[in-house]
Amino acid sequence: MKNILLALVVLFTVPPAFASDKQAGEVYDRIVKTRTLRCAYTIYPTFIDKDPNTGKLSGLFYDLTEEIGRQLNLKIEWTEEVPTDAIFEGFRTGRYDAVCPGYFATPSRTAGGDFTRPLVFIPFNMYVRTGESRFKSFADFNNPGVTISTMDGEASQIAVNDAFPQAHQNTLPGTTAATDRFMAVAGGKSDATPMEAAIGMEYMAHNPGKLRQFGDRPLRISGSVLVIPHNEFELKEMLDTTINTMLWTGSLETIIKKHEKYRGTMLPPAQPYQQEGK
């Protein structure tokens, strides 16, 4: 009997290992009450960009998030810029409700937050110097003699950790411009870097002859999401329902196509059905 009582005491007094300090639904309740969704952001053209003179934000995920706000009759308050390696910090202190520049949902990020359903799928390519002939397949990059440029906490680092664990990484800080990784490859400090296809195409258009895409297919294609705190089930349902509605009504694809400068670099989620004759 004593053992049973002890077990019950432990069961109801020891918090779950991954429990948050806040109450479940606390963020959702505040959003509904204030009619405001506070979004952190990371400057990462063409997904989120910032005018250095006016401070005005723009980009694919700026427009997508603003449309979510319009559909929900919520004000989007763009609260603060966060580096790629510290996107979850504000959840613990309640500084913002979501991280909204479009991060890839990956297993390593599940410890820090939960994810909406994807709003867009992004091809992720490997880029090497023009004239580079050592690599015949993706497997050739998984070598201690190969240096790959990555960014701390960003998708490039996650992809290299997963696909090329034996390669050496030239890791740049999370506040570094994504194109600095291209410069490291072009300048010979690194042999390759993985990058979103939209950014790769834009860099090569403005820097002809410097880099080329390796292979004829992406390294991977990943879904970009909004990141929210753990245990906010009502918030996730509200956002997912809105994203589904944007998909079904076509507004999601309209925004994506507005920002897709290079064909095939931003892929809308597939419709769950196709009307006959379309």
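Here the structure is shown first, and the text comes after it.
The structure contained in this document is the topic of the report that follows. Residue indices follow the written sequence of each chain, beginning from 1 at its first position. Reporting in this predicted model follows two pLDDT cut-offs: at least 70 for local features of residues, and 80 or more for side-chain atom pairs to be given and counted; totals over whole chains, interfaces and linings ignore these cut-offs and use all residues. Based on all heavy atoms of the structure, the side-chain values leave hydrogens and waters out of the count.

**A few points about the overall build of the protein**
Then comes step 1: Segments assigned H or I by DSSP are reported as helices when at least four residues long, segments assigned E as strands when at least two residues long, and all are numbered from the N terminus. Check the secondary structure of the protein and you find nine helices and twelve strands.
Then comes step 2: Per-residue burial over the protein gives 47% buried out of 278 residues.
Then comes step 3: Using the Shrake-Rupley algorithm and a 1.4 Å probe, accessible areas are obtained, with residue cover drawn only from the displayed protein chains. Accessible surface, the protein as shown: approximately 14,400 Å² in total, 54% of it carbon and sulfur.
Then comes step 4: Across the protein, the centroid of the 29 positively charged side chains sits 2 Å from that of the 32 negatively charged ones. When accessible area is computed with a 1.4 Å probe and restricted to protein chains, residues below 20% of their type maximum are described as buried, those above 50% as exposed, and intermediate ones as partly exposed. His is not counted here, nor are the chain ends, while Lys and Arg score as positive and Asp and Glu score as negative. For this purpose, a charge sits on NZ of Lys, CZ of Arg, CG of Asp or CD of Glu.

**Some remarks on empty space enclosed by the protein**
Then comes step 1: Lining residues are defined by having an atom within 4 Å of a point belonging to a cavity or pocket. Those points lie on a 1 Å grid over the protein atoms alone, cavities being sets where a 1.4 Å probe fits but cannot get out and pockets being open sets with protein on both sides within 12 Å along at least five of seven lines. Grid points are joined across faces, edges and corners, and a volume is the space filled by probe spheres set on the points. Under the criterion given, the structure shown has one cavity of 30 Å³ or more.
Then comes step 2: Empty space within the largest cavity amounts to approximately 150 Å³.
Then comes step 3: Taken together, 14 residues make up the lining of the largest cavity; nearest its centre are Tyr44, Gly102, Tyr103, Glu154 and Glu196.
Then comes step 4: No other element matches the four residues that strand β5 (residues 98-104) contributes to the lining of the largest cavity.

**Topic: the packing of helix α8 (residues 233-249) against helix α9 (residues 251-259)**
Between two packed helices, the angle of one axis relative to the other and the distance separating the axes together describe the packing.
Then comes step 1: Note on geometry: axes are lines fitted to C-alpha atoms, helical ones only across the stretch in contact, with angles between N-to-C directions running from 0 to 180 degrees. Axis separation between α8 and α9 bottoms out at 4 Å; the angle between their running directions is 80°. In this view, α8 runs roughly perpendicular relative to α9, as classed from their interaxial angle. Mapping the contact onto sequence places Ile243, Met246, Leu247 and Thr249 in α8 and Ser251, Leu252 and Ile255 in α9.
Then comes step 2: Think of it as three bins: nonpolar holds Ala, Val, Leu, Ile, Met, Phe, Trp, Tyr, Cys and Pro, charged holds Asp, Glu, Lys and Arg, and polar takes everything else, Gly as well. Of the residues belonging to the contact of α8 with α9, the class tally is five nonpolar, two polar and no charged. Relative orientations are named as follows: roughly parallel for angles under 35 degrees, roughly antiparallel for angles over 145 degrees, roughly perpendicular for angles from 65 to 115 degrees, and oblique for any other angle. A contact between two residues is defined here by any heavy atoms of the two lying within 4.5 Å.

**Notes on the packing of aromatic side chains**
Then comes step 1: Any two rings among Phe, Tyr and Trp, with Trp reduced to its six-membered ring, count as a pair given centres within 6.5 Å; such a pair is stacked if its planes are under 30 degrees apart, edge-to-face if over 60, and tilted if neither. Summed over all chains, the structure comprises twelve aromatic pairs.
Then comes step 2: Between phenylalanine 138 and phenylalanine 214, the aromatic rings sit 5.4 Å apart at their centres with planes inclined by 65°, giving edge-to-face as the arrangement. Of this pair, phenylalanine 138 sits in the loop between β7 (120-129) and β8 (147-151) while phenylalanine 214 sits in the loop between β11 (211-213) and β12 (220-228); the two residues are 76 residues apart in sequence, bridging distant segments of the chain.
Then comes step 3: Given the relative accessible area of 6%, phenylalanine 214 is considered buried.

**Brief notes about the pattern of salt bridges**
Then comes step 1: Salt bridge, as applied in this entry: a Lys or Arg side-chain nitrogen positioned within 4 Å of an Asp or Glu carboxyl oxygen. Overall, the coordinates contain 15 salt bridges when judged by the stated rule.
Then comes step 2: When the shortest N-O distance is used, the salt bridge between glutamate 67 and arginine 70 registers 2.8 Å. Pair noted here: glutamate 67 and arginine 70 are both in helix α3 (residues 60-72), with a separation of three residues, about one helical turn.
Then comes step 3: For the salt bridge of lysine 257 with glutamate 260, the shortest nitrogen-to-oxygen distance reads 3.2 Å.

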